[in-house]
Protein chains: 2
Amino acid sequence: MDDIDKLGLSTAIAKARKSYQEGGIPIGAALVYHGSSTDPKDAVVLGCAHNSRIQKSSATLHGEIAALEDAGRLKAQVYRGSTMYTTLSPCLMCTGAILLYKIPRVVIGENESWVGGEELLKSQGVEVIVVDNAECKTLMKKFIVEKPEEWNEDIGEIQ
Amino acid sequence: MDDIDKLGLSTAIAKARKSYQEGGIPIGAALVYHGSSTDPKDAVVLGCAHNSRIQKSSATLHGEIAALEDAGRLKAQVYRGSTMYTTLSPCLMCTGAILLYKIPRVVIGENESWVGGEELLKSQGVEVIVVDNAECKTLMKKFIVEKPEEWNEDIGEIQ
Ligand SMILES: [Ca+2]
Ligand SMILES: [Ca+2]
Ligand SMILES: [Zn+2]
Ligand SMILES: [Zn+2]
């Protein structure tokens, strides 16, 4: 994790925390453009958001999709100089979105609560970094215990 | 194609046609629940929509994502008794959404203009049917010639 990564992940965590406080699923994400720089002064948070299944009754606004949506329309080149930060291992939908836009790098807060499409990302040449962040884990573990039905709905699992 | 498939695909095509008339990307989709029935009287169009990149300045509302969003929050079982209809071969994001929700069947209007994640769907046991529909092809070919920049943006391609 360089200083841009600290900025990106803390932005994603702040969104996850806000979602939890609203009664929503505590997963946040941020899309950060940095090009070839490692200086946080050159970083631009293009979009950041949280899962909105509960808040917006949405089936598709996972953290990463919501961050891409928040970033709006971008040319292909912009995605290719960006990193996606997400507090939890991305599901297959969000994995596919990262692959669609050829985002070359994904920083994941944790994958202890749940593992998504990390292997598919790596198989397509995406750099995947798992941070094992304590707050990401605490938020998810609390939510899964408190609202198991909503969590299973979010990952398409029958219970 | 059974009668439910005709209903589903014609719903998706009607959305694609509407999007083209609005100046948008002419890709439509419909999520149809049918359970184990093949009688159109038992079919329920849960959601239907078109690509809204241009209309809503959206980076994520592809036809299939927009149809899932239109359908709203559903339990896992509902997706597993449904078919996704889409006028064009689904990109990796939409492929991933189909896999997330374990939608067992996808009917595709055409894959001559562009091919997405069909092989990934099949490798995960999803039934994929390509119809080679003339109107789907005509709409896409016209759009790609008229607005190549918007089309490349939608599939994450540099031009
Ligand atoms: Ca914003
Ligand atoms: Ca509707
Ligand atoms: Zn996701
Ligand atoms: Zn798509």
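About the thresholds
- Residues numbered from 1 in each chain as written.
- Chains lettered and ligands numbered in written order.
- Predicted model: local features only at pLDDT ≥ 70, side-chain atom pairs only at ≥ 80, totals over all residues.
- Heavy atoms only, no water.
- Helix = DSSP H or I, 4+ residues; strand = E, 2+ residues; numbered from the N terminus.
- Rg over C-alpha atoms; globule rule 2.2 N^0.38 Å.
- Buried < 20%, exposed > 50% of the residue type's maximum accessible area, 1.4 Å probe, protein only.
- Contact = heavy atoms within 4.5 Å.
- Areas by Shrake-Rupley, 256 points an atom, 1.4 Å probe, with all protein chains shown as cover.
- Lys, Arg positive; Asp, Glu negative; His and termini not counted.
- Charge placed at Lys NZ, Arg CZ, Asp CG, Glu CD.
- Donors = N, O, S within 2.8 Å, 3.2 Å for Na, K, Ca; no water.
- Buried area = accessible area lost by both parts, 1.4 Å probe.
- Salt bridge = Lys/Arg side-chain N within 4 Å of Asp/Glu carboxyl O.
- Pairing = 2+ DSSP bridges.
- Axes fitted to C-alpha atoms, helices over the stretch in contact; angles between N-to-C directions.
- Phe/Tyr/Trp six-rings, centres within 6.5 Å; stacked < 30°, edge-to-face > 60°.
- UniProt positions renumbered as here; feature names shortened; annotations may be inferred.

K.L.:
Tell me about the overall build of chain A, and please be specific about residues and values.
P.N.:
The number of helices and strands found in chain A is eight helices and five strands. Overall, chain A shows an N-to-C arrangement of helices and strands of α-β-β-α-α-α-β-α-β-α-β-α-α. The globule rule puts the C-alpha radius of gyration for 159 residues at 15 Å, and the 14 Å found for chain A is close to it. Counting only residues that meet the buried cut, chain A has 56% of its 159 residues in that class. Counted over contacts in chain A with a minimum sequence separation of 6, partners at least 24 positions apart contribute 57%. Carbon and sulfur atoms provide 51% of the accessible area of chain A, an area that totals close to 6,100 Å². Counting 17 positive and 22 negative side-chain charges, chain A places the centres of these two groups 5 Å from one another.

K.L.:
Describe the coordination of the calcium ion (ligand 1), with residues and values.
P.N.:
Taken together, Asp 70 of chain A (OD) and Asp 70 of chain A (OD) make up the protein donors of the calcium ion (ligand 1), found 2.2 to 2.8 Å from the metal. Note that Asp 70 of chain A resides in helix H3 (residues 63-71).

K.L.:
Which residues make up the interface of chain A and chain B, and what values go with them?
P.N.:
Chain A puts 38 residues into the contact, and the matching count from chain B is 38 residues. Approximately 3,200 Å² of surface area, both sides summed, lies buried where chain A meets chain B, with 55% of it carried by carbon and sulfur atoms. Three residues, Arg 73, Leu 100 and Glu 153 of chain A, lead the burial of chain A against chain B; their summed loss comes to 22% of the area buried on that side. Joining chain A to chain B, the criterion identifies eight salt bridges.

K.L.:
Let's hear about the sheet that holds strand E5 (residues 127-130) of chain B: which residues, and what values?
P.N.:
Residues and elements named next belong to chain B. Taken in spatial order, the five strands make up an open sheet running E2-E1-E3-E4-E5, and their pairing is mixed. Only two strands of the sheet have a single neighbouring strand rather than two, namely strand E2 (44-50) and E5. With direction set aside, neighbouring strand axes in the sheet form an average angle of 15°. Of the strand pairs in this sheet, strand E1 (residues 28-33) and E2 are connected by six bridges, and their pairing is antiparallel. In the sheet register, Ala 29 faces E2, and the bridge partner there is Ala 49.

K.L.:
Mind laying out helix H5 (residues 92-100) of chain B, listing which residues take part and the relevant values?
P.N.:
Residues and elements named next belong to chain B. Counting buried residues in H5 gives eight out of nine residues, a clear majority hidden from the surface. Restricting attention to buried positions, one finds in H5 the residues Met 93, Cys 94, Thr 95, Gly 96, Ala 97, Ile 98, Leu 99 and Leu 100. At the exit of H5 stands Lys 102, carrying a positive phi of roughly 55°.

K.L.:
Quick rundown of the packing of aromatic side chains? Include the residues and the values.
P.N.:
Residue and element names in this part refer to chain A. As enumerated under the stated definition, the model contains four aromatic pairs over all chains in all. Here the aromatic rings of Tyr 79 and Tyr 101 are separated by 4.1 Å at their centres, their planes lie at 15°, and the arrangement is stacked. Here the residue Tyr 79 occupies a position in helix H4 (residues 76-80), and Tyr 101 occupies one in the loop between helix H5 (92-100) and strand E4 (105-108), the gap between them amounting to 22 residues. Considering the side-chain rings of Trp 114 and Trp 151, the 6.1 Å spacing of their centres and the 85° angle between planes classify their relative orientation as edge-to-face. Residue Trp 114 is located in the loop between E4 and helix H6 (118-123), and its partner Trp 151 is located in helix H8 (residues 148-154); the two are separated by 37 residues in the primary sequence.

K.L.:
Kindly report on the pattern of salt bridges, identifying the contributing residues and their values.
P.N.:
According to the stated counting rule, one finds 30 salt bridges over all chains in the structure shown. Residue Lys 75 of chain A is joined to Glu 149 of chain B by a salt bridge in which the shortest nitrogen-to-oxygen separation is 3.8 Å. Of this pair, Lys 75 of chain A sits in the loop between H3 and H4 while Glu 149 of chain B is found in helix H8 (residues 148-154), placing the two residues in two different chains. Given a relative accessible area of 41%, Lys 75 of chain A falls into the partly exposed group. Between Glu 112 of chain B and Lys 137 of chain B there is a salt bridge, with its nearest N and O atoms 3.5 Å apart. Of this pair, Glu 112 of chain B sits in the loop between strand E4 (105-110) and helix H6 (118-123) while Lys 137 of chain B sits in helix H7 (residues 134-146), and the two are 25 residues apart along the sequence. Judged by its relative accessible area of 48%, Glu 112 of chain B falls in the partly exposed class. A residue is classified by how much of its surface remains accessible, and Lys 137 of chain B, at 15% relative accessible area, is buried. Connected via shared salt-bridge partners are Arg 53, Glu 149, Glu 153 and Asp 154 of chain A together with Arg 73 and Lys 75 of chain B.

K.L.:
An account of the UniProt feature "domain: CMP/dCMP-type deaminase" (unreviewed entry) in chain A is needed here, citing residue identities and associated values.
P.N.:
Under the UniProt annotation, the feature "domain: CMP/dCMP-type deaminase" (unreviewed entry) is placed at residues 3-128 of chain A. The distance from the first to the last C-alpha atom of residues 3-128 of chain A is 17 Å, and the span holds 41% helix and 19% strand.

K.L.:
So what about the sheet that holds strand E3 (residues 82-86) of chain A? Which residues, and what values?
P.N.:
Whether parallel or antiparallel, the strands of a sheet pair through hydrogen bonds between backbone atoms. All names here are of chain A. Pairing in this open sheet of five strands is mixed, and the strands run E2-E1-E3-E4-E5 from one edge to the other. Here the strands that pair on one side only, and so sit at the sheet edges, are strand E2 (44-50) and strand E5 (127-130). Within this sheet the neighbouring strands show an average axis-to-axis angle of 15°, counted without direction. Sitting on the sheet, H3 touches strand E1 (28-33), E2 and E3, and the angle it makes with E2 is about 135°.

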